[in-house]
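So you can see what is in the structure, the chains are spelled out below.
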Amino acid sequence: ENELRGKVVWVTGASSGIGEELTYQLAKIGALLAISARREDELERVKRKCLEISSLSEKDILVLRLDLTDRSSHEAATNSVLKHFGKIDVLVNNGGRSQRSLFVDTNLDVYNAIIELNYLGTISLTKYVLNHMIQRKRGKIVTVSSVMGIMGAPLATGYCASKHALQGFFNSLRTELTDYPEISIINICPGPVQSKIIQNVFTENLAKSLESSGDQSHKMPTERCARLTLVSTANDLKEAWISDHPYLAVCYLWQYAPTWAWWLMNRMGKRRIQNFKSGVDADASYTRKKK
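Rules behind the numbers
- Residues numbered from 1 in each chain as written.
- Predicted model: local features only at pLDDT ≥ 70, side-chain atom pairs only at ≥ 80, totals over all residues.
- Heavy atoms only, no water.
- Patch = residues over 30% accessible without salt bridge, like charges linked within 9 Å, V, L, I, M, F, W, Y side chains within 5 Å.
- Areas by Shrake-Rupley, 256 points an atom, 1.4 Å probe, with all protein chains shown as cover.
- Salt bridge = Lys/Arg side-chain N within 4 Å of Asp/Glu carboxyl O.
- Helix = DSSP H or I, 4+ residues; strand = E, 2+ residues; numbered from the N terminus.
- Pairing = 2+ DSSP bridges.
- Axes fitted to C-alpha atoms, helices over the stretch in contact; angles between N-to-C directions.
- Contact = heavy atoms within 4.5 Å.
- Buried < 20%, exposed > 50% of the residue type's maximum accessible area, 1.4 Å probe, protein only.
- Right-handed = clockwise from strand over helix to strand, strands pointing away.
- Core = buried A, V, L, I, M, F, W, Y, C linked by side-chain atoms within 4.5 Å.
- Expected span 1.5 Å × (residues − 1).
- Bend = angle between axes of the 7 residues up to and from the residue.
- Polar contact = N/O pair within 3.5 Å; in protein donor to acceptor, adjacent residues only side chain to side chain.
- Phe/Tyr/Trp six-rings, centres within 6.5 Å; stacked < 30°, edge-to-face > 60°.
- Lys NZ or Arg CZ within 6 Å of the ring centre and 35° of its normal.

J.: Teacher, can you tell me more about a nonpolar patch on the surface here?
T.: Residues Phe103, Val104 and Leu108 make up a contiguous nonpolar surface patch of roughly 370 Å² in combined accessible area. Along the chain, Phe103 falls in the loop between strand E4 (90-93) and helix H4 (108-136).

And the structure:
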């Protein structure tokens, strides 16, 4: 709370899911907020709730419609935040979409769209915000990656690729900023979370939506994921894996014993595909509901 209170925090993908919950928790802390997404009406809804649950005033929350795939708009959007608040202390790159489809069934246009949104859109916005942070010689760039940026999994080949790209990019960028020790590059890697990301996933065709998202109650609550993300941000962690088991255990296997991880993922992957084809959540069989 002391680290983030009064700081200007720009959250993308703030109209739902993790981004929406981050916005509420930041508002309660007392951070000044710029919130962005494509749906301005949903952003206004989020702003109204922030005003209800916090001591922030109207001018403390800037609603800024943003399409991450429209890279030509990112410089102007950054300037709008700077004009309103005078600075950007923290950028939270949260906007993006997941995927549920097998590669053999998926149109290549889907892969292009995933990379445009999750990867190129994110680094484009980062470029303009980073220029400002370099001038100030301070700031935090927080990117919501995924455990899929550490491992590989079926039904998410394009999503995994985009998150691996983000991991590689920001880990490399961190090494370019050694002359700016007050600029932090923070990668957040959530596992399965109770958010609306499943309802909005890419499928095998750009025009097709997921028919059934299945029960999501076995996943980590969005509130806990957001809280741990803010703790990681306040403490300048270079990378945080935010997940329940067994996904967290698989991350450690993937990091330290990849041969075992490949064997285990092959077994888990078969069940994941079976779940998907039968219309339940792909990850439903790996955890038990809490009583």
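Moving on, there is more to tell.
J.: Is there a simple way to explain the sheet that holds strand E3 (residues 61-65) in this structure?
T.: Within a sheet, neighbouring strands are paired by backbone hydrogen bonds and run either parallel or antiparallel to one another. On the basis of which strands lie adjacent, the open sheet formed by seven strands has the order E3-E2-E1-E4-E5-E6-E7 and parallel pairing. Unpaired on one side and paired on the other, E3 and strand E7 (239-242) mark the two borders of the sheet. The mean angle between the axes of side-by-side strands here comes to 15°, regardless of whether they run parallel or antiparallel. Pairing of strand E5 (residues 139-144) with strand E6 (residues 183-190) involves six bridges; the strand directions are parallel. Across the sheet, residue Gly139 finds its bridge partner in E6, namely Ile183. Against the sheet, helix H2 (residues 40-53) makes contact with strand E2 (32-37) and E3, and its axis sits at roughly 170° relative to E3, the strand it touches most. Here helix H3 (residues 74-85) sits on the sheet in contact with strand E1 (8-12), E2 and E3, set at roughly 165° to E3.

J.: What am I meant to see in the pairing of E3 here?
T.: Looking along a regular strand, one sees the side chains alternate between the two faces of the sheet. Buried residues dominate E3, accounting for four of its five residues. Inspection of the sheet shows E2 paired to E3 by five bridges, in the parallel sense. By the bridge assignment, Ala34 is partnered in E3 with Leu62. For the handedness criterion, the β-α-β arrangement of E2, H2 and E3 is classed as right-handed.

J.: Would you mind showing me how to read the nonpolar core here?
T.: Looking at soluble globular proteins, one finds that nonpolar side chains tend to be buried together. Val9, Leu26, Leu33, Ile35, Cys50 and Val92 are the most contacted members of the largest nonpolar core, which has 33 residues in total. It is helix H1 (residues 17-29) that provides the largest number of residues to this core, a total of six residues. Discounting chain neighbours no more than four positions away, the residues touching Val9 are Leu26, Ala31, Leu32, Leu33, Ala34, Val90 and Val92. Ala34, Val81, Tyr119 and Ile183 belong to the second-largest nonpolar core, a separate cluster that totals 30 residues.

J.: So what exactly am I meant to see when it comes to H4 here?
T.: A rise of 1.5 Å per residue sets the reference length of H4, with its 29 residues, at 42 Å; its end C-alpha atoms lie 41 Å apart and thus fit the reference within 8%. At Glu116, H4 shows its largest kink, close to 35°. Between the side-chain oxygen of the N-cap and the backbone nitrogen of Asp109 there are 2.8 Å, and the N-cap of H4 in question is Asn107. Looking one or two residues beyond H4, the residue adopting positive phi is Lys137, at roughly 65°.

J.: Sorry, what's going on with the side chain of Asn93 here?
T.: Locating Asn93 in the fold gives a position in strand E4. Look at Asn93 and you get buried, because its relative accessible area is 3%. Among the polar contacts listed, one links the side chain of Asn93 to the side chain of Thr126, at a separation of 3.0 Å. Ignoring sequence-local partners within four residues, the contact set of Asn93 consists of Thr12, Thr122, Leu125, Thr126, Ile141, Val142, Thr143, Val144 and Phe170.

J.: How should I be thinking about the environment of Thr23 in this particular structure?
T.: Examined against the element boundaries, Thr23 turns out to sit in helix H1. Thr23 sits in the buried class, given a relative accessible area of 0%. Along the primary structure Thr23 and Val46 are separated by 23 residues, whereas in three dimensions their C-alpha atoms are 7.9 Å apart. Beyond its immediate chain neighbours, meaning those up to four positions away, Thr23 contacts Val11, Ala14, Leu33, Ile35, Val46 and Cys50.

J.: I'm lost on the pattern of salt bridges in this one. Help?
T.: If charged atoms from side chains of opposite charge come close, those side chains can pair. If you walk through the whole model with that rule in mind, you get twelve salt bridges. The shortest N-O distance in the salt bridge between Glu3 and Lys140 comes to 3.6 Å. Taken together, the residues span a long stretch of sequence, with Glu3 in the segment before E1 and Lys140 in strand E5 at a distance of 137 residues. Glu3 sits in the partly exposed class, given a relative accessible area of 33%. Given the relative accessible area of 8%, Lys140 is considered buried.

J.: Explain the packing of aromatic side chains to me, please; I cannot follow it from the model alone.
T.: Two measures describe an aromatic ring pair: the distance that separates the ring centres and the angle between the ring planes. As enumerated under the stated definition, the model contains six aromatic pairs in all. Ring pairing ties together the aromatic residues Tyr119, Phe169 and Phe170, which thus form one cluster. In this structure, Lys49 is placed above the aromatic ring of Tyr24, and the distance from its NZ or CZ to the ring centre is 4.4 Å. Between Arg97 and the ring centre of Phe202, over which it is positioned, the NZ or CZ distance is 3.8 Å.

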